[in-house]
Amino acid sequence: AATGEREAEEFILPVPRLNKVGINCVWGMGKQVFVYETPIPPRIIAEKRQIASAAKVTDQSIFDVQWNAEMHDISRKLVNETHNIFVMLQGQVKSLSDTMLYTQLRKASKQYRAVLKACSLELVQIADSCADDDHKLKYEEHIQEFEIVQLIWSLCEIIFIDIAPGGLILTPMLDWLRWHFQEGKHMTLEVSQSELPSLHPNYWQAIYKLILQGSTENARKLLSLHIHSSSDPFTSVDELLRKMPHWTYQHAQSAAEYEMKWRHWREECIRRYEAGEFAAYSQLETVVQILCGDEAVFKEMKDQCETWYHLMVSKLLYQNPTVRLTDLSFEIKPCQAIYSLTNQQFPELDSILQAALEFDIHQVIKESCSFLSNRSWWFVSHLADVLHHCGQLDPQKLPFGSNLREYLLLEYATGLMSHKSLWQVGVDYLDFCPVFGRDYLESYIEHIPLNSESKAHKILHLCLERDLHTQAQSVCKVMGMKCLRQERLGSALTWFLKSKDAIVIKQVTDRFLTEYCEQGKFSHLDLIDHLGPSMLITNSLTFLGKYQEFHSLYNSGNIHGATSLLLSLISSRLAPKTFWMTMLMDVLPLLSLPQVVLDAQKTYEVMHCLEELQRDGTTNYKNLTETELDKLKLLRVALTKNLSRAIIQEGSIRSVA
């Protein structure tokens, strides 16, 4: 791989290497491919003779290859909690004015960092309680990466998002140091709790660290624990630390006024140092040298600062506290030079922070993608989103047609769509990618495995919410066919009704009618009784609904209504001919009633249907059993009797005198 880019991952497949057998693949969900063996097509040699046919592939194993798919519980927590912040922010972007929006963007950035910190602390607790060394090491790696992300994000927030008024950068930079370099704080606690703090081996080291971070009040408290704290040199240092001016935005003072006060204070520090007030205590001399901003002492303090960027902020505090944001880039090289011979633990991190200090946010994002693991997509996508809305990202389109924000969100969503439980979160991120989000979503929905009814309903719901009608139909058809193969006719019909696929609905309806012919009853009465307007999708479904209505009327005692409906079904010829025999047999009980329920016209209609079935040259009539043929004879006799009764009742034939 090229310098600065992550090396390509390798996957070893457990298959033998064979001549004329290669591998092929198809994309799965997100960062997933399905790999399988395939014959290599024979190549035509110069003489146009073909090489012997390719070897047969006997092992048809399909390998599910995924990368960057690992996600522990805390990472899932990070994804879920920050998802809510992201979605809320997108809504505010559309509805708020510029001033209100910038307030919300700063708030969102801090919320992201708060979730990161909470997850990091939770990982620390898990690592501390972990007994397995390998697992503990893995958790520690996660912790380290979370801390690196926090370090980069908080610096980017200071420089690009929550920009200090007037460009005075030092106060937020000191907060940044105290937030991420807490060894001095922990060391101070350890020293102050010892029996003789001033004799503790880390006593002076703790004081140096506190002063280098501008924590002068804590340094004074620690100095007061020294056995000679009441001596003149200690009293003098305490006074200098107490008098040290600190810039705050709350105080009504100008930068010029603050700088004047600071210069007077520093001159006093230099005067006292040169007067030799602290010569009796070399450590106090070092403290005052730091206060004076002595260049040489900062080289000695490089181990206390640990990194060049810590050293840079500490130097600026005592050499140029009113430094502007735009001047920070000039301070980088001298501080890096002090650490040039030291082996840096994370040179990539140094490069990222340097790029941020030089206002090169695109380089920050590029190097973060290369340096960090799969969680970098979470980091760079959310950071880029906030920066985009702050107007800090170049709005121009990338070569493939989208901007950097959308590209990063698409990458992040791709990783989420690969996850079995986080794909719904990924959908929300795709919703806010205006150029390619919908195309990605359509493609992913077609690849999501429909392994449960509840999951299918969730996917169907999100499709309907977004007017993805083709995908919604596809989901319904897949689930319908799955139910059909499992002989779950009711569920199959429910899914196919949602898809409005008339052809398949007719097939399922025919299965219902066949089931009725075999068992004499319907298995899903509730569904059939409540078809509503859906029964109009196909003629067969209309017949199914009306036929069940006939049985309901008959069972409730509404004989005339049932008879009228049955005769209309027979006349309409909506039923398949395989079902005609069943309907004709339904007429038989109606003919044996004391009263005449079929008038002459209706009786003729039934007789016509019977004759049509008899004349049918298909197997519908030929395959009738002896019992069914006997029933037809009985029906014919009953129809004849009913016709005579109906004619007499209607008075169609009058006596001749």
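Just so it is clear, the structure is predicted and the values come from calculations on it, not from any experiment.

**Student:** Would you mind going over the overall build of the protein chain with me for this structure?
**Tutor:** The number of helices and strands found in the protein chain is 31 helices and 3 strands. The proportion of buried residues among the 657 residues of the protein chain is 45%. Of the roughly 34,200 Å² that the protein chain leaves accessible, carbon and sulfur atoms contribute 53%.

**Student:** Explanation requested: the side chain of His419 in the structure shown.
**Tutor:** Along the chain, His419 falls in the loop between helix 18 (404-417) and helix 19 (423-431). Within polar-contact distance, the side chain of His419 engages the backbone nitrogen of Ser421 at 3.2 Å.

**Student:** Got a minute to help me understand helix 20 (residues 437-445) in this structure?
**Tutor:** Since there are 3.6 residues in each turn of an α-helix, residues three or four apart along the chain are aligned in direction. Taken residue by residue, helix 20 has Gly437, Leu441, Tyr444 and Ile445 as its buried positions. Down the axis of helix 20, the buried side of the element spans an arc of 95 degrees, and every buried residue falls inside it. The elements touched by buried residues of helix 20 are helix 18, helix 19, helix 21 (453-465) and helix 22 (469-485).

**Student:** Before we go on, may I ask you to explain the packing of aromatic side chains in this structure?
**Tutor:** Two aromatic rings are characterised by how far apart their centres lie and by the angle between their planes. If you walk through the whole model with that rule in mind, you get 19 aromatic pairs. Centre to centre, the rings of Trp204 and Tyr208 are 6.4 Å apart; their planes meet at 35 degrees, and the pair counts as tilted. With Trp204 and Tyr208 both in helix 6 (residues 203-212) and 4 residues apart, this pair spans about one turn of that helix. Centroid distance Tyr440 to Tyr444: 6.0 Å. Interplanar angle 70 degrees. Geometry classified as edge-to-face. Here Tyr444 and Tyr440 lie together in helix 20, a separation of 4 residues that amounts to about one turn. Looking at Tyr440, the relative accessible area reads 31%, which means it is partly exposed. Taken together, the ring pairs in this structure connect Tyr203, Trp204, Tyr208, Phe234 and Tyr281 into an aromatic cluster. Geometry around Trp179 places Lys117 over its ring, the cationic atom sitting 5.5 Å from the centre. Here the basic side chain of Lys498 rests over the ring of Trp495, its NZ or CZ set 4.7 Å away from the ring centre.

**Student:** Can you help me understand helix 1 (residues 73-95) in this one?
**Tutor:** Along its 23 residues, helix 1 runs 34 Å from first to last C-alpha, staying within 8% of the 33 Å computed at 1.5 Å per residue. Buried residues of helix 1: Ile74, Ser75, Leu78, Val79, Thr82, His83, Ile85, Phe86, Leu89, Gln90 and Gln92, and no others.

**Student:** Even after reading the chapter, I still don't get the packing of helix 9 (residues 255-274) against helix 10 (residues 282-292), so can you show me in this structure?
**Tutor:** A pair of packed helices can be characterised by two numbers: the angle between their axes and the separation between those axes. Closest axis-to-axis distance for the helix 9/helix 10 pair is 9 Å, and the angle between their directions is 145 degrees. By crossing handedness, the relation of helix 9 to helix 10 is classed as left-handed. Contacts between helix 9 and helix 10 involve Trp265, Arg266, Cys269, Ile270 and Tyr273 from the former and Glu285, Val288, Gln289, Leu291 and Cys292 from the latter. Here the residues of the contact of helix 9 with helix 10 are counted per class, giving 7 nonpolar, 1 polar and 2 charged.

**Student:** Explain the confidence of the model for the protein chain to me, please; I cannot follow it from the model alone.
**Tutor:** Low pLDDT means the predicted coordinates in that region are not meant to be read closely. When the pLDDT values of the protein chain are averaged, the result is 83; 85% of them are 70 or greater. Looking across the protein chain, the model is least confident in helix 30 (residues 619-622), with a mean pLDDT of 56, and most confident in helix 6, with 96. Across residues 1-6, where pLDDT falls below 50, the model places 10 contacts with residues more than four positions away in sequence or in other chains. Here residues 653-657 scores under 50 on pLDDT; set against residues more than four positions off or in separate chains, the count is 1 contact.

Procedures and definitions
- Residues numbered from 1 in each chain as written.
- Predicted model: local features only at pLDDT ≥ 70, side-chain atom pairs only at ≥ 80, totals over all residues.
- Heavy atoms only, no water.
- Helix = DSSP H or I, 4+ residues; strand = E, 2+ residues; numbered from the N terminus.
- Buried < 20%, exposed > 50% of the residue type's maximum accessible area, 1.4 Å probe, protein only.
- Areas by Shrake-Rupley, 256 points an atom, 1.4 Å probe, with all protein chains shown as cover.
- Polar contact = N/O pair within 3.5 Å; in protein donor to acceptor, adjacent residues only side chain to side chain.
- Arc of directions from axis to C-beta.
- Contact = heavy atoms within 4.5 Å.
- Phe/Tyr/Trp six-rings, centres within 6.5 Å; stacked < 30°, edge-to-face > 60°.
- Lys NZ or Arg CZ within 6 Å of the ring centre and 35° of its normal.
- Expected span 1.5 Å × (residues − 1).
- Axes fitted to C-alpha atoms, helices over the stretch in contact; angles between N-to-C directions.
- Left-handed = near helix turned anticlockwise from the far one by under 90°.
- Nonpolar A, V, L, I, M, F, W, Y, C, P; charged D, E, K, R; others polar.
- pLDDT = per-residue confidence, 0-100.

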